[in-house]
Amino acid sequence: MKTPPGIRIVAVLQYVAACFYLVAAILATKIVLRKEAIGTAMVMGSNRPEQVMAGMRAFAIILFAWSVFSAFAGFGLWKLRPWARALTMVQAVLWMILGLVMLLPPRGAAHVLTVVLVVFFTAVEIAVVWYFERPDVQAAFHRRALEKRLEAK
């Protein structure tokens, strides 16, 4: 059975994203662990640096969890596991929602680069959902599931 090339591409992109999120989580953790970070938070205009550091801790944990999530999805896509298709589509929808939230107030007049990036990544996520809804892609995942059931008998 030949795997559609788009599935492999998205799987590799999931692995790349997992690496990116892991590096970002490590960097966020390093910021939290540095004593100067509290001074930096005060310079950034926060009168509550402890809250800024708590937010960075939460951000690091979320990035690490998203890294594991992306690696898990990439593995499932590579192996044509049916659950990976659903997981990837859920992830795409979550990213679209997050992108739209980034454009809402209190940010108000979002930076032009932010708007461009949100539009770009939203378009990519729409393309991923569209691609994974194609009949040939769905069939590839269902064939794999059927083959696994036949092997078990």
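A short tour of the structure in this document, coming up. (Residues numbered from 1 in each chain as written. Predicted model: local features only at pLDDT ≥ 70, side-chain atom pairs only at ≥ 80, totals over all residues. Heavy atoms only, no water.)

## Quick notes on the packing of aromatic side chains
Then comes step 1: Summed over the entire model, instances satisfying the criterion amount to 8 aromatic pairs.
Then comes step 2: Aromatic side chains Tyr-21 and Trp-95 sit 6.1 Å apart centroid to centroid with 15° between the ring planes, which places their arrangement in the stacked category. With a gap of 74 residues between them, Tyr-21 in helix 1 (residues 5-33) and Trp-95 in helix 4 (residues 82-102) connect regions that are remote in the sequence.
Then comes step 3: Its relative accessible area of 11% is what places Tyr-21 among the buried residues.
Then comes step 4: By relative accessible area, Trp-95 is classed as partly exposed at 29%.
Then comes step 5: Both rings, one in Trp-66 and one in Trp-95, keep their centres 5.7 Å apart while their planes meet at 85°; by these two values the pair is edge-to-face. Of this pair, Trp-66 sits in helix 3 (residues 49-78) while Trp-95 sits in helix 4, placing them 29 residues apart in sequence.
Then comes step 6: On the accessibility criterion, Trp-66 (19% relative accessible area) is buried.
Then comes step 7: Among the aromatic side chains, those forming a connected cluster through ring pairs are Phe-20, Tyr-21, Trp-66, Phe-69 and Trp-95.
Then comes step 8: Stacked on the ring of Trp-78, the Lys or Arg Arg-8 has its end atom at 4.2 Å from the ring centre. (Phe/Tyr/Trp six-rings, centres within 6.5 Å; stacked < 30°, edge-to-face > 60°. Helix = DSSP H or I, 4+ residues; strand = E, 2+ residues; numbered from the N terminus. Buried < 20%, exposed > 50% of the residue type's maximum accessible area, 1.4 Å probe, protein only. Lys NZ or Arg CZ within 6 Å of the ring centre and 35° of its normal.)

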